[in-house]
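# Topology and contacts: notes
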Amino acid sequence: MRNTLLLTAVALYSVACASSVPAPQATPAPVAPLSAHKLDADQFLEELEEAHNLILARAEKPAVKEALPVVDVDAATSIPIPQHRTIDSAVRLFSVDMKESIQTSLIRSGRYRALIDQALEAEKLPKGLAYLPVIESAYLPNLTSRAGAHGIWQFMPETAREYGLRVDWWVDERADPVESTKAAAAYLRDLNRMFNGDWALTLAAYNCGPGRVRRKLAEYGASTFWELLEQSALPKETRGYVPTFYATLLIASDPATYGFKLGEVNGVDAEIDAKRVEVEGPVSLRFVAETAGVDEDVLKELNPAFRRGIVPPGRAAVRVPSKAAGTLHARAKTLRHDDDYLKVCSFTLRRGDSIERLARAIGTKPETLLEMNEIKSARPGDSILLPVRARELGTLLAHSENEDVFYAVRKGDTLYSIAKQHDLSVTELREINELSKEATLRIGQKLRVSAPRVLAAGGM
C-alpha cells in the first residue's frame, strides 16, 4: 500500500544509516553485599524488632501495587525478526526522533487490536501483522495519502474493490475498520502465498505492489528482500517500510525497554456500545442522529465509510449506540421522507436536458453527477439523483433558464427547421416565443430556442 505517514523520513533514515545500533539493555538492580560478620543475639533481636515494626507500618498503609507493563511477545515471535542494520536504525529513529508519533499510534492500536486479531486468526496469519497500521496510518480510519490510499490499511481504490470493499461516490469502506481489516487480512494472505511464506517480500509487495517486487527479483537475480534493499532495487519508501515494521515488532515485544507502552486491547466500541440498524436511504446522518437522539459527531465516528455524511440510496446498515437502536429501527423505512437536511433529490430529464446543462445549473461538475449515479451518460426520460435539496432545485433551474439562448432567423429558415435544429417541437417554439399560428418569420428576427424546464424533482 502507498502511504504517507512518516514513511518518507523513515525510508531515508533507515536505509541511509549504516551503523548498527544495539537495543538498549535494562540496568540490573544492585545486589546488597552480605554482612562480613555474625550478628550477636542483642543486635539480632533489635533488627528483628525493627523489621517487625516496618511490617506493621506497611500493613497500616498498604503499598500501591504497580501495574506490569503491557507487552506483546506473542505478536513479536509470530514473525521471525531478522538482524539488519536498517532495523536497528529504525528502532533508534522510533525511540528518539519519532517517539511521540509512534507512542500515540501504539496507544491507539489497542482500540483495534481485538478486531484485527480476529481477522488475522480467521486467515491463519501471524498476530504481529496487527502492528502494520502503526507505519501505515497510525490507525486513523479517514487518513488519505497523496497517492489516494485510504483508511487504516491504506488500500488503493482498485485493490480495495478487488477484495470486496465498496468504493464509490457515496461509500468508501476503506474507512470502515471492520470491513477493511477483513480485506487486508485476505490480501496479506494472498501476497504471502505468492511469495512462498517470505514475510519481508510480502510486506514489500503490500507497500509497492507484487508485480514490481516480482519484476525486481527477476531483474536482479535476487531471492530475498534484503538483496533488493542492498542493490536499491525497490523504491526508497519500500526499503524503509519493511525494516520499520520489524522495528515496531521489536518495540511491541518489550516496550518498556525502548521507552514505550502499548495500549490496552479494547473493542472498537469499547467507549460506545453500538448496534447496526438497517435504514432506507438516502438520508443524512444529521437527521438520523436527531431522530435517534444521539450526538451527530458520535454517529459519524461510528460510520466513517459514509463519505458524504449521507446513508446511500437503498438499504444500508447504520451503526448507532445500542440505547438508540430501538428508536431508529421504528422509523427506519420512513426517515428519508422526512429529512429536511438531505441535499439530494431525484430529477427526470426531459428533451433538451443534458448532464452538462444540469451540472452547470446547480454548480457542480458533470463528472460528479455521473459518479453519483454510477452512469456514463443520461438521456431524456432517465431519472437521476442530484446533489441539491428539492426545494432549491427549481430556483437553480429557473435561474439557469434566465440565460436565454436566441437564434437569429436566416433566409430560408422555417419554424420546423429552427425547432428541429434546437431539439424542440414547432409547438414548443411557438409557445416560448408567443407566436400565433398566423405569424410569419422575418430575416434577422430573434427567437428564443432554450426550452423552459418542467421541474420533475422530489425529496428522496
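Presented here is a report on the structure given in the accompanying data block. (Residues numbered from 1 in each chain as written. Predicted model: local features only at pLDDT ≥ 70, side-chain atom pairs only at ≥ 80, totals over all residues. Heavy atoms only, no water.)

## Here we look at the environment of Ala-292
- Looking at where Ala-292 falls in the secondary structure, it is placed in helix α13 (residues 285-292).
- Ala-292 sits in the buried class, given a relative accessible area of 10%.
- For the pair Ala-292 and Ala-330, spaced 38 residues apart in sequence, the C-alpha separation works out to 9.9 Å.
- Contact partners of Ala-292, with chain neighbours within four places excluded, come to Ala-324, Thr-327 and Leu-328. (Helix = DSSP H or I, 4+ residues; strand = E, 2+ residues; numbered from the N terminus. Buried < 20%, exposed > 50% of the residue type's maximum accessible area, 1.4 Å probe, protein only. Contact = heavy atoms within 4.5 Å.)

## Considering helix α21 (residues 426-433)
- Turning to α21, its buried residues are Glu-428, Leu-429, Arg-430, Ile-432 and Asn-433.
- Contact partners of the buried residues in α21: α20 (415-421) and β6 (446-448).
- Once α21 ends, the next one or two residues include Glu-434, with phi positive near 50°.

## Some thoughts on the packing of aromatic side chains
- Applying the stated criterion across every chain yields a total of 9 aromatic pairs.
- Taking the centre distance of 6.2 Å and the plane angle of 40° together, the rings of Phe-155 and Tyr-187 count as tilted. Of the two residues, Phe-155 is situated in the loop between α6 (132-136) and α7 (157-162) and Tyr-187 in helix α8 (residues 177-194); the sequence distance between them amounts to 32 residues. For the residue pair Phe-155 and Tyr-187, the accessibility class agrees, reading buried in each case.
- Within the aromatic cluster, the residues linked to one another by ring pairs are Phe-155, Tyr-163, Tyr-187 and Tyr-206.
- Above the plane of the ring of Tyr-341 lies Arg-286, whose end atom (NZ or CZ) is 4.1 Å from the centre. (Phe/Tyr/Trp six-rings, centres within 6.5 Å; stacked < 30°, edge-to-face > 60°. Lys NZ or Arg CZ within 6 Å of the ring centre and 35° of its normal.)

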